[in-house]
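# Tertiary structure, described
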Amino acid sequence: MDDTVRTGRALVAGGAGFLGSNLCARLLADGWEVVCADNFQTGRARNLAGLAGHPRFSVLRHDVIEPLAGIEVDRIYNLACPASPIHYQADPLKTLRTCVLGAMQLLELARRCGARVLQASTSEVYGDPLEHPQREGYWGHVNPIGPRSCYDEGKRCAETIFMEYARHEGVAVRIARIFNTYGPRMAPDDGRVVSNFIVQALAGQPLTIYGDGTQTRSFCYVDDLIDGLVRLMESSSEVGRPVNLGNPAELTMLEMAELVRLLTGAQVPLVHRSLPEDDPTQRCPDISLARRCLGWWPRVDPEEGIARTVAYFNSERDRAGRGRPRREALTNAV
Ligand code: NAD
Ligand code: UDP
């Protein structure tokens, strides 16, 4: 980390989403002036409810594929992109435009302002990995023409664009390869596994296991991840390459379902649905680089993190009122 504690104006593209809104809250707490830019495709005003009215916070309804004129910033976090498979596959060409054109627009803004810019990349750049755990040097095993490709290849192309702006345009870039992250401010209809299982358990519904449930993911609690993003952004420029951020605690989906049943106390059955095409069979980050360069590693284990997330979804249910209809977990497998 740079020794100097500095603040200024930070732009969070995708700031109304799950990670983005948690990042906005963290940056405000650190003293930054924060501008959230979002087209609200998957983001929610609800995520910003606690921040609205803060004197250093503002929101722009903006699509990152368009230029962002008339604004000066010191830091740009590019989190704008739907992250859940059901959402990024709903309009694949839009996902590609967001990944590719969004990256270019925000890099142009960074060049104009002399700002530092961080790309929220993803473990999906490794595809269905043949190397385990995944180090940053692994080039991945990605289907370029499948239903997940709009996201995987869009994010891979965005990494290329970021590295070329660094090499040829002198823009100060950071690239975080984020592994599956969960926690408060996830939408109940997000469609990813943790929110689905918790929403289903709290509603007394069966937990939907796609495939046989032996596929693995490594789940990171949101506060840990956000801390990693901020550390990476403020790190010295020698980290001129992508950095894995995630929790190496690897679980099968059957183990995650058990954990959710345990922590909700819900006596609900499991129901199997078909495995989506190209669903990766295993995923776990090697975080040696983040440990070495950022002094970062996750502090919250899955039991603690899932318990906090259950508490969050419980409080959202209470707030919505038990009489009102709620949007339940969205699933895409049949
Ligand atoms: P999310 O869907 O909750 O948030 C994405 C946000 O981006 C939403 O507010 C959405 O409205 C906004 N957005 C989408 N397209 C936009 C556009 N064209 N212009 C402006 N705003 C747009 O997802 P999330 O989990 O918060 O993910 C945030 C970022 O982190 C994404 O880029 C995602 O690829 C990356 N990421 C997340 C995870 C994870 O586990 N949460 C893992 C890997 C990478
Ligand atoms: N999954 C599941 N039930 C669900 C939602 C997802 O079993 O209700 C599985 C999914 O097939 C994948 C894993 O959980 O193997 C993680 O899915 P998610 O969409 O959360 O993230 P990603 O596949 O993008 O890592």
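Residues numbered from 1 in each chain as written. Chains lettered and ligands numbered in written order. Predicted model: local features only at pLDDT ≥ 70, side-chain atom pairs only at ≥ 80, totals over all residues. Heavy atoms only, no water.

### Here we look at the overall build of the protein
Assigned secondary structure in the protein consists of 9 helices and 13 strands. Along the longest, intermediate and shortest principal axes, the C-alpha atoms of the protein span 55 × 45 × 40 Å. In the protein, which comprises 334 residues, the share counted as buried stands at 55%. Counted over contacts in the protein with a minimum sequence separation of 6, partners at least 24 positions apart contribute 82%. Per element, the accessible surface of the protein, about 14,000 Å² overall, is 52% carbon and sulfur. Charge centroids of the protein, computed over 38 positive and 41 negative side chains, lie 4 Å from each other. (Helix = DSSP H or I, 4+ residues; strand = E, 2+ residues; numbered from the N terminus. Buried < 20%, exposed > 50% of the residue type's maximum accessible area, 1.4 Å probe, protein only. Contact = heavy atoms within 4.5 Å. Areas by Shrake-Rupley, 256 points an atom, 1.4 Å probe, with all protein chains shown as cover. Lys, Arg positive; Asp, Glu negative; His and termini not counted. Charge placed at Lys NZ, Arg CZ, Asp CG, Glu CD.)

### So, the state of the cysteines
Tallied over the full model, the rule gives 0 disulfides. A disulfide-free cysteine, Cys81 has its sulfur positioned 3.8 Å from the sulfur of Cys99, the nearest such atom. By relative accessible area, which is 15% here, Cys81 ends up buried. (Disulfide = S-S within 2.5 Å.)

### A short note on the environment of Ala166
Relative to the helices and strands, Ala166 is located in helix H4 (residues 149-169). On a C-alpha basis, the gap between Ala166 and Ala266 in space is 50 Å, while along the polypeptide they are 100 residues apart. Dropping the residues within four chain positions of it, Ala166 is found in contact with Val171 and Val173.

### Quick word on the site of ligand 1
Taken together, 30 residues sit near ligand 1, with Leu19, Asp38, Thr42, Tyr151 and Thr181 positioned nearest. Within the backbone of Gly43, an N or O atom sits 2.9 Å from an oxygen atom of ligand 1. A distance of 3.0 Å is found between a nitrogen atom of ligand 1 and a backbone nitrogen or oxygen belonging to Val64. Isolated, ligand 1 exposes 820 Å² of accessible area, and the fraction of that covered by the protein chains is 97%. (Near = heavy atom within 4 Å. Polar contact = N/O pair within 3.5 Å; in protein donor to acceptor, adjacent residues only side chain to side chain.)

### A few points about the nonpolar core
Counting 61 residues, the largest nonpolar core has Leu27, Tyr77, Leu245 and Ile306 as the members making the most contacts within it. The contacts of Tyr77, once residues within four sequence positions are left out, are Leu11, Val12, Ala13, Leu23, Leu27, Leu118, Leu229, Val230 and Met233. Listed in part, the 26 residues of the second largest apolar core include Val35, Ile71, Ala80 and Val171. (Core = buried A, V, L, I, M, F, W, Y, C linked by side-chain atoms within 4.5 Å.)

### Concerning unusual backbone geometry
Here His132 and Pro133 are connected by a cis peptide whose omega angle stands at -10°. Here Pro133 is to be found in the loop between strand S5 (116-122) and H4. Of note, the phi angle at Asp278 is positive, near 65°, even though the residue is not glycine. Examined against the element boundaries, Asp278 turns out to sit in the loop between strand S13 (270-273) and helix H8 (288-294).

### Comments concerning the sheet that holds strand S3 (residues 57-61)
What the 7 strands build is an open sheet, ordered S3-S2-S1-S4-S5-S6-S11; its pairing is parallel. At either end of the open sheet lies a strand with only one pairing partner, and these are S3 and strand S11 (243-245). The average angle at which neighbouring strand axes cross in this sheet is 20°, direction not considered. When strand S2 (residues 33-38) meets S3, the two strands line up parallel, connected through 5 bridges. Paired with Val35 across the strands is Ser58, a residue of S3. Where helix H3 (residues 92-113) meets the sheet, its contacts fall on strand S1 (9-13), strand S4 (75-78), S5 and strand S6 (173-178), and the angle it forms with S4 comes to roughly 175°. Along the sheet, helix H6 (residues 222-233) contacts S4, S5, S6 and S11; its crossing angle with S6, the most-contacted strand, is approximately 160°. (Pairing = 2+ DSSP bridges. Axes fitted to C-alpha atoms, helices over the stretch in contact; angles between N-to-C directions.)

### Let's talk about empty space enclosed by the protein
A complete count under the given rule lists 1 cavity of 30 Å³ or more for this structure. Each pocket or cavity is described by its volume, and for the largest cavity that value is around 40 Å³. Of all the elements in the fold, those that place two or more residues in the lining of the largest cavity are H3 and S5. Across the lining of the largest cavity, the residue classes tally to 5 nonpolar, 3 polar and 1 charged. (1 Å grid on protein atoms, 1.4 Å probe; cavity = no way out; pocket = protein on both sides within 12 Å on 5 of 7 lines; lining within 4 Å. Points joined across faces, edges and corners; volume = space filled by probe spheres on them. Nonpolar A, V, L, I, M, F, W, Y, C, P; charged D, E, K, R; others polar.)

### Some words on the packing of helix H5 (residues 193-202) against helix H7 (residues 253-264)
Closest axis-to-axis distance for the H5/H7 pair is 10 Å, and the angle between their directions is 40°. If you check the angle between H5 and H7, you find them oblique. The chirality of how H5 crosses H7 is right-handed. Along its contact with H5, which presents Val193, Val194, Phe197, Ile198, Ala201 and Leu202, the element H7 presents Met253, Met256, Ala257, Val260 and Thr264. Classifying every residue of the contact of H5 with H7 gives 10 nonpolar, 1 polar and no charged. (Parallel < 35°, antiparallel > 145°, perpendicular 65-115°, else oblique. Left-handed = near helix turned anticlockwise from the far one by under 90°.)

### Structural notes on the site of ligand 2
Inspection of the region around ligand 2 gives 18 residues, with Val193, Thr208, Arg217, Asp279 and Arg283 positioned closest. Here Gln215 contributes a side-chain N or O atom positioned 3.0 Å from an oxygen atom of ligand 2. Considered on its own, ligand 2 offers 520 Å² of accessible surface; in the complex 96% of this is hidden by protein. Secondary structure elements with two or more residues in the shell around ligand 2: H5 and strand S8 (207-210). For the shell around ligand 2, a count of residues per class yields 7 nonpolar, 5 polar and 6 charged.

Coordinates in, geometry out; function isn't part of it.
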